[in-house]
Amino acid sequence: MPLHSSAVPVLSEEVREAMARQRPVVALESTILAHGLPRPRNLLVGTELEALVRSEGAVPATVAVLDGVPYAGLDKDQLERIAGDDAVRKLGHRDLAPAMAAGASGATTVSATAFLAARAGLRVFATGGLGGVHREWTRTQDESADLALLARTRITVVCAGVKSILDVPATLQRLETLGVGVIGYGTDRFPGFYLASSGEPVDWTVHTPGEVAGVMAAQDALDGPASALLVANPVPVAKQLDPALHDRVLAEALAEARERGVTGQAVTPFLLERLVTHTGGASLEANLAAVRGNVRLAARIAAAWAERAAR
Ligand code: PSU
Ligand code: MN
């Protein structure tokens, strides 16, 4: 039986209503919950992020696949399954079809979340840090599927840059080649995920949610290739990880990943976990501070965007 197209993804009641009334909605990814954060803190974070969206007057749409059904907007039980069930896989956008056909459950990465959110008609999405080009790319060819998917999806992604475990300059170069717009929020430096700055420049800087909505409107007016807009929002300097600690622990984690032969989907969760352990939890706090800031800003951008639509 073919699936009816409008049934993918299934929207929560709250998300459906908000969309019908042109109220702001923010898509949230679930891989960060299932595979990027330690348990049981991850469930608390998932609940906290949804509450943060609501406190800004927007509606959260956490995206995930449960028993083969993609959802945008989870209830409490569904969020608990994503955060606590060992059978929950990590799904990039290429994994969606096999997961649906197999009736599998999985958390969605940036690529799968952006795809499903855009398909649902959502325009604003918040995460921690994007995937990108890994440091050993010449040997492993490991480049996150996030980049190519964002190059063909009209969605605004609020992020604290790309994960600092990556080759940041190479990732920025790929984004340029792919034609994905990058704007710094209140900064002319590309953020460094756990760090406020990666040291790399960004070409465009905005200072308000309304300005971001203006760029989104201009994208639509141009009607060019359906690429994403990355809003690069730095973690506050006061909450960043100590840069010297970051560099030392990351070098160790990268060496360990190489020695142990960690590859494919396992690389990112492995490195994030090593950083948490070897910084005594400090990287986790910086990661969470970045995500919270992104979620709050995304809600404000969604509000500015909804306001524009209502004009
Ligand atoms: N941001 C975080 N923590 C994470 C991720 C992002 O703060 O765990 C996830 C996102 O879902 C992103 C994924 O899409 O890591 C990238 O994985 P990979 O490098 O395997 O594409
Ligand atoms: Mn990868």
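Cut-offs and rules
Residues numbered from 1 in each chain as written. Chains lettered and ligands numbered in written order. Predicted model: local features only at pLDDT ≥ 70, side-chain atom pairs only at ≥ 80, totals over all residues. Heavy atoms only, no water. Helix = DSSP H or I, 4+ residues; strand = E, 2+ residues; numbered from the N terminus. Rg over C-alpha atoms; globule rule 2.2 N^0.38 Å. Buried < 20%, exposed > 50% of the residue type's maximum accessible area, 1.4 Å probe, protein only. Contact = heavy atoms within 4.5 Å. Areas by Shrake-Rupley, 256 points an atom, 1.4 Å probe, with all protein chains shown as cover. Lys, Arg positive; Asp, Glu negative; His and termini not counted. Charge placed at Lys NZ, Arg CZ, Asp CG, Glu CD. Near = heavy atom within 4 Å. Polar contact = N/O pair within 3.5 Å; in protein donor to acceptor, adjacent residues only side chain to side chain. Nonpolar A, V, L, I, M, F, W, Y, C, P; charged D, E, K, R; others polar. Expected span 1.5 Å × (residues − 1). Arc of directions from axis to C-beta. Axes fitted to C-alpha atoms, helices over the stretch in contact; angles between N-to-C directions. Parallel < 35°, antiparallel > 145°, perpendicular 65-115°, else oblique. Left-handed = near helix turned anticlockwise from the far one by under 90°. Salt bridge = Lys/Arg side-chain N within 4 Å of Asp/Glu carboxyl O.

(A) Just the overall build of the protein chain, in detail. Within the protein chain one finds 13 helices and eleven strands. Against the 2.2 N^0.38 benchmark of 19 Å for 311 residues, the protein chain shows a C-alpha radius of gyration of 18 Å, consistent with a compact globule. Summarising its shape, the C-alpha atoms of the protein chain cover approximately 50 × 45 × 35 Å along the three principal directions. When each of the 311 residues of the protein chain is scored for burial, the buried share is 53%. For the protein chain, the share of sequence-separated contacts (at least 6 apart) that also reach a separation of at least 24 residues comes to 74%. Accessible area of the protein chain: about 13,600 Å², with a carbon and sulfur share of 54%. Charge centroids of the protein chain, computed over 30 positive and 34 negative side chains, lie 2 Å from each other.

(B) Molecular detail of unusual backbone geometry. A cis amide bond links valine 8 with the next residue in sequence, proline 9, at an omega value of -10 degrees. By the element assignment, proline 9 lies in the segment before strand E1 (10–11).

(C) Spatial organisation of the site of ligand 1. The full set close to ligand 1 counts 18 residues, and Glu29, Lys90, Ser144, Asp146 and Thr268 are the nearest of them. A distance of 2.7 Å separates an oxygen atom of ligand 1 from a polar atom in the side chain of glutamate 29. In this structure, an oxygen atom belonging to ligand 1 sits 2.7 Å away from a side-chain N or O atom of threonine 268. When the free accessible area of ligand 1 is taken as 480 Å², the share hidden by the protein chains comes to 94%. Listing elements by their share of the shell around ligand 1, those giving two or more residues are helix H2 (31–35) and helix H12 (267–278). In terms of residue class, the shell around ligand 1 is built from four nonpolar, ten polar and four charged.

(D) Quick look at helix H3 (residues 41–55). For H3, built from 15 residues, the straight-helix expectation of 21 Å at 1.5 Å per residue is met to within 8% by its first-to-last C-alpha distance of 21 Å. Among the residues making up H3, those that are buried are Asn42, Val45, Gly46, Leu49, Glu50, Leu52 and Val53. Around the axis of H3, the buried residues are gathered within 155 degrees of arc, so they sit on the same side. Among the exposed residues of H3, those oriented more than 90 degrees off its buried face are Leu44 and Ser55.

(E) View of the environment of tryptophan 204. Structurally, tryptophan 204 is set in the loop between strand E9 (181–185) and strand E10 (205–206). By relative accessible area, tryptophan 204 is classed as exposed at 60%. For the pair tryptophan 204 and threonine 187, spaced 17 residues apart in sequence, the C-alpha separation works out to 8.7 Å.

(F) Spotlight on the packing of helix H11 (residues 243–260) against H12. Relative orientation of the contacting elements H11 and H12 amounts to 135 degrees, with a least axis distance of 9 Å. The pairing of H11 with H12 is recorded here as oblique in orientation. As for how H11 packs across H12, the hand of that crossing is right-handed. Listed contacts from H12 to His246, Val249, Leu250, Glu252, Ala253, Leu254, Glu256, Ala257 and Arg260 of H11 are Phe270, Leu271, Arg274, Leu275 and His278. Its residues assigned to classes, the contact of H11 with H12 comprises eight nonpolar, two polar and four charged.

(G) Looking closely at helix H6 (residues 110–120). Of all eleven residues making up H6, eight are buried, and the element is well covered by its neighbours. Buried within H6 we find Val110, Ser111, Ala112, Thr113, Ala114, Leu116, Ala117 and Ala120. Once H6 finishes, glycine 121 follows within two positions and takes phi at roughly 90 degrees, a positive value.

(H) Region of interest: the side chain of threonine 31. Note on placement: threonine 31 falls in helix H2. By relative accessible area, which is 10% here, threonine 31 ends up buried. Setting aside chain neighbours within four positions, we find threonine 31 in contact with Gly36, Lys90, Ala107, Thr108 and Thr109.

(I) Inspection of the pattern of salt bridges at higher detail. As enumerated under the stated definition, the model contains 20 salt bridges in all. A salt bridge links arginine 139 to glutamate 136; the shortest N-O distance between them is 2.3 Å. Beyond isolated ion pairs, a larger network of salt bridges with shared partners links Glu256, Arg260, Glu273 and Arg274.

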